Amino acid sequence: MTPSLTKTFNALEQQRADLMTTVRAVPDEVYFRSVDAKWSIAQVITHIITSERLSLMYMRKKSLGIDTLKDSGFRQSIVFMLLKISQRVPLRYRAPKAVVDNTPEALSKEEAFARWEKARQELRDFLDAIPEKYAHRLIFKHPVGGMLDVRQAVGFMYEHVRHHWPQIKRLLNP
């Protein structure tokens, strides 16, 4: 894994560990509780896992022809910066149809943690297999921002979880 990918992936993993530590202590009635017809903590975590799993599936598919893909450039840097900002402002966004259509019912804590661990291990293995010379190839498709490189994809995953943290905190203390 490239040094920049390693740093971002490690931050992503620390973020997941922190979230799991917080959620592990939550009683099931709080974990599955929906407030004001909004998502429960279980639904939020299930959504994040599904989003990451689908992103990895797409990147795997695109990586089959990675030597033919274009490199990211200034445009993708600007798009990624805007996506990052979009995840940090307290606005709600509709989840992409592909994510909604592929999201299972809210997972139990144990099942969610196991699936998330598996998904992250698969992501780690995938990132380990990306040669440095291909780290800038446009391999990830964000539903709004378009094509990004693998570094930006992992950075967006981090921002996506960060975006959902305040939602989870509100659900912990309604």
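How should I be thinking about the overall build of the protein chain in this particular structure?
When its secondary structure is counted, the protein chain shows 7 helices and 2 strands. Of the regular secondary structure in the protein chain, the N- to C-terminal order runs α-α-α-α-α-α-β-β-α. For the protein chain, the C-alpha radius of gyration of 16 Å lies close to 16 Å, the compact-globule estimate for 174 residues. Considered along the principal axes of its C-alpha atoms, the protein chain spans approximately 50 × 30 × 30 Å. By the burial criterion, 45% of the 174 residues in the protein chain qualify as buried. If you sum the accessible surface of the protein chain, you get close to 9700 Å²; carbon and sulfur atoms cover 56% of it. If the 28 positive side-chain charges of the protein chain are averaged to one point and the 19 negative ones to another, these points end up 6 Å apart.

Got a minute to help me understand the pattern of salt bridges in this structure?
Side-chain pairing between opposite charges can occur once the charged atoms of the two side chains come close. Following the criterion strictly, the structure yields 13 salt bridges and no others. Notably, a salt bridge pairs arginine 60 with glutamate 122, separated by 3.7 Å at the nearest N-O pair. With a gap of 62 residues between them, arginine 60 in helix H3 (residues 41-63) and glutamate 122 in helix H6 (residues 109-129) connect regions that are remote in the sequence. A relative accessible area of 24% means that glutamate 122 is categorised as partly exposed. Aspartate 101 serves as the salt-bridge partner of lysine 97, at 2.7 Å between the closest nitrogen and oxygen. One end of the pair, lysine 97, and the other, aspartate 101, are both in helix H5 (residues 97-102), 4 residues apart, so they sit about a helical turn from each other.

Whenever I open this one, the side chain of arginine 16 confuses me. Can you help?
Inspection of the secondary structure assignment puts arginine 16 in helix H1 (residues 3-24). With sequence-adjacent residues up to four places away left out, arginine 16 is seen in contact with Phe113, Trp116, Glu117 and Arg120.

Could you clarify how one ought to interpret the nonpolar core in this entry?
When a protein is soluble and globular, its nonpolar side chains tend to lie buried together. Among the nonpolar cores identified, the biggest contains 23 residues, and Met59, Leu123, Phe126, Leu127, Ile139 and Val150 are the most heavily contacted of them. Contributing elements (two or more residues each) for this core: H1, H3, helix H4 (74-88), H6, strand S1 (138-142) and helix H7 (150-172). For this core, the leading source of residues is H7, giving 5 residues. If we skip the residues at most four places from it in the chain, methionine 59 touches Leu123, Phe126, Ile139, Phe140, Val150, Ala153 and Met157. By size, the runner-up hydrophobic cluster in this structure holds 20 residues, among which are Val23, Ile41, Ile45 and Trp116.

Help me understand the environment of lysine 118, please; the structure alone is not making it clear to me.
Among the structural elements, lysine 118 can be located in helix H6. Taking the C-alpha atoms as reference, lysine 118 lies 19 Å from histidine 160; in sequence the two are 42 residues apart.

Please clarify how the packing of aromatic side chains should be interpreted in this entry.
Two descriptors summarise a pair of aromatic rings, namely the distance from one centre to the other and the angle between the planes of the rings. Counted according to the given criterion, the structure contains 2 aromatic pairs. Aromatic pair tyrosine 31 and phenylalanine 32: ring centres 4.8 Å apart, planes at 80°, arrangement edge-to-face. Taking 6.5 Å as the distance between ring centres and 35° as the angle between the ring planes, the aromatic pair formed by phenylalanine 140 and phenylalanine 156 counts as tilted. Within this pair, whereas phenylalanine 140 is found in strand S1, its partner phenylalanine 156 is found in helix H7, the two being separated by 16 residues in sequence. Phenylalanine 140 gets classed as buried once you look at its relative accessible area, which sits at 4%. Positioned above the aromatic ring of tyrosine 31, the side-chain terminus of lysine 109 is 5.9 Å from the ring centre.

So, how was this worked out
- Residues numbered from 1 in each chain as written.
- Predicted model: local features only at pLDDT ≥ 70, side-chain atom pairs only at ≥ 80, totals over all residues.
- Heavy atoms only, no water.
- Helix = DSSP H or I, 4+ residues; strand = E, 2+ residues; numbered from the N terminus.
- Rg over C-alpha atoms; globule rule 2.2 N^0.38 Å.
- Buried < 20%, exposed > 50% of the residue type's maximum accessible area, 1.4 Å probe, protein only.
- Areas by Shrake-Rupley, 256 points an atom, 1.4 Å probe, with all protein chains shown as cover.
- Lys, Arg positive; Asp, Glu negative; His and termini not counted.
- Charge placed at Lys NZ, Arg CZ, Asp CG, Glu CD.
- Salt bridge = Lys/Arg side-chain N within 4 Å of Asp/Glu carboxyl O.
- Contact = heavy atoms within 4.5 Å.
- Core = buried A, V, L, I, M, F, W, Y, C linked by side-chain atoms within 4.5 Å.
- Phe/Tyr/Trp six-rings, centres within 6.5 Å; stacked < 30°, edge-to-face > 60°.
- Lys NZ or Arg CZ within 6 Å of the ring centre and 35° of its normal.

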